[in-house]
Structures are given as C-alpha cells and as structure tokens.
Amino acid sequence: ACWALQFTPSVCLQAGTPEVHESGRQAPASPLGLLLEVEPSLRLFGGREALLERIRNGLSEQGLTAQIACAPVASGAWLLARHRDGLHAGTEARMQAQLAALPAGLLEQARPHLGALESIGARTLGDLCALPRAGLARRFGSALLSELDRAFGREPEAHRWFEAPSIFDARLELLADVAGTEAMLHAARRLIAVGVVSTPLVAAAGMVEAGKASAAGDRRTVAAHALGNAGAWWCFVRSWRDRRRGH
C-alpha cells in the first residue's frame, strides 16, 4: 500500500473474508488486494496504459504478480480483477455488461448459498439482477443485495483510505557482514532513493486531486497534503545530497 501511494493518494486495502459453504465448512479467504483511485493521476503518468505498465513493472521488480482491472466503480473493478487479469470497463454501461457475465460465486455474500442459487438457475451476476429484489433479499439476505448493488454502482461505497506512516522506515538486508562504512553508505543511499523517487509522485498526484476537488475545504486539505509531501521530498533530497558529499 505504501508503494502504491506514488501513483495516487487514494489507496484502499481490500481484504477478503473466508468462504463459508452451506455445509458450514470454511474455505480459504478471498485474495487480498488494493483499490486505487487513479482517474486524477492518468494525465500525470501519460494515460491509463502507461500507468498500468508502470504498476506492473514495479510489482514485477518486487517479485509480485497481480490481476488488474479498471472500472468506474471500485467494487466492480475488484470483481473484474478477481475474475480475470486485464479487463477494462471504460464506461458504466460496459462495466455492467462485463459484470453481468461473471459467476455469482465471486460475491462473498453469495458463496454460502451457491447450491440454492444454482437450483433456481442463478449462476451469474446477471441472473441475480433478473430476480425479484424483494424475494432475493428475503431468501438470501439483504447483504447479498447490497453487495450486488455496490458492484453495479447502484449503492454508494465507503472506503477507508490507507494512510502512510508519519515516519519513513525501511529495511535493506545486506548480503554479507559489512565492516567498512563505504558499503553501509551504499545501502543508505538506496534507501534514501526510495523516498526521493516516490515522494514527488505522491505530491504531484495530490495537487491533481486538489484541482479536481469541488469544495474549497477539500481543496485546501488535499493541497496541504501535497505540500507536505513536497516538503518531505525536499528533506530527502537534502539528506541524499549531504550523503553524496560525505557529510
């Protein structure tokens, strides 16, 4: 999550819940992931494709793989990403069409009822949407209907945005015992470079977000966040420069 803040100040941790079947048996939890609100950052990074390429390259450098999808609604994008990598729904109409074809088992609230849903022919999200809403909520619970509505953008979503720690703290494992200061300085420069590279990107994304905020109070808050990151970046640069000079 900290690494993803270089692309947008709006990052949310997406945690899955264990699957519970009708028999009561608990299956492994759903995949964990990140939700990124990237619309304000697209121009900064040269468009959607360029941004996605940068994200994939960064994940690959860390030895990580991910399934990535884009959609106008966060819950919709999450379901698309879990279904298949590389799906992109640029409009709500396209997103709804893609979601309708997804298996109902992708909904956490549907998993305990998959047997009953299949018995009435409800195998996809589109099948669920075609059922009477009152009957669906009465038989399978209102939580299932709410999750379905959030995915299709019919119900507002509330996200708890990730906040980076106030103190920069990173570790770098050395390959062998180090007795001299030169090797230690080399490792220190690498750690400082992480802050030098990532902080201005977060600050710039924050300024873009500030320009799109509608309320004056929101603009001031986002601008203060961006300026704070800019100040942190200057401190990183000063520290990196002093170390380069041997201070």
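This text goes with the structure placed above it.
Quick caveat: nothing in here was measured; it's all calculated off a predicted structure. (Residues numbered from 1 in each chain as written. Predicted model: local features only at pLDDT ≥ 70, side-chain atom pairs only at ≥ 80, totals over all residues. Heavy atoms only, no water.)

## Side note on the packing of aromatic side chains
Note on aromatic pairs: each is described by the distance of the centres and the angle between the planes.
Thought 1: If you walk through the whole model with that rule in mind, you get 2 aromatic pairs.
Thought 2: Consider the rings of Trp3 and Phe7, whose centres lie 5.1 Å apart with planes at 75 degrees: the pair is edge-to-face.
Thought 3: Judged by relative accessible area, which is 1%, Phe7 ranks as buried.
Thought 4: Through a chain of ring-to-ring contacts, the aromatic side chains of Trp3, Phe7 and Phe45 assemble into a single cluster. (Phe/Tyr/Trp six-rings, centres within 6.5 Å; stacked < 30°, edge-to-face > 60°. Buried < 20%, exposed > 50% of the residue type's maximum accessible area, 1.4 Å probe, protein only.)

## So, the nonpolar core
Thought 1: Leu79, Leu99, Leu107, Leu125 and Leu128 are the most contacted members of the largest nonpolar core, which totals 26 residues.
Thought 2: Listing elements by their share of this core, those giving two or more residues are helix 2 (74-83), helix 3 (92-100), helix 4 (114-119), helix 5 (125-130), helix 6 (133-140) and helix 7 (142-151).
Thought 3: It is helix 7 that contributes the most residues to this core, 4 residues altogether.
Thought 4: Excluding its chain neighbours within four sequence positions, the residues that come into contact with Leu99 are Gly76, Leu79, Leu80, Leu125, Ala151 and Phe152.
Thought 5: Counting residues in each nonpolar core, the second largest holds 9 residues, with Phe7, Leu51, Leu52 and Ile68 among its members. (Core = buried A, V, L, I, M, F, W, Y, C linked by side-chain atoms within 4.5 Å. Helix = DSSP H or I, 4+ residues; strand = E, 2+ residues; numbered from the N terminus. Contact = heavy atoms within 4.5 Å.)

## Considerations on the packing of helix 6 against helix 7
Thought 1: Contact geometry of helix 6 with helix 7 gives a least axis separation of 6 Å together with a crossing angle of 130 degrees. The orientation of helix 6 relative to helix 7 falls into the category oblique. In contact with Arg133, Leu136, Ala137 and Phe140 of helix 6, helix 7 contributes Ser142, Leu144, Leu145, Leu148 and Asp149.
Thought 2: Split into classes, the residues belonging to the contact of helix 6 with helix 7 amount to 6 nonpolar, 1 polar and 2 charged. (Axes fitted to C-alpha atoms, helices over the stretch in contact; angles between N-to-C directions. Parallel < 35°, antiparallel > 145°, perpendicular 65-115°, else oblique. Nonpolar A, V, L, I, M, F, W, Y, C, P; charged D, E, K, R; others polar.)

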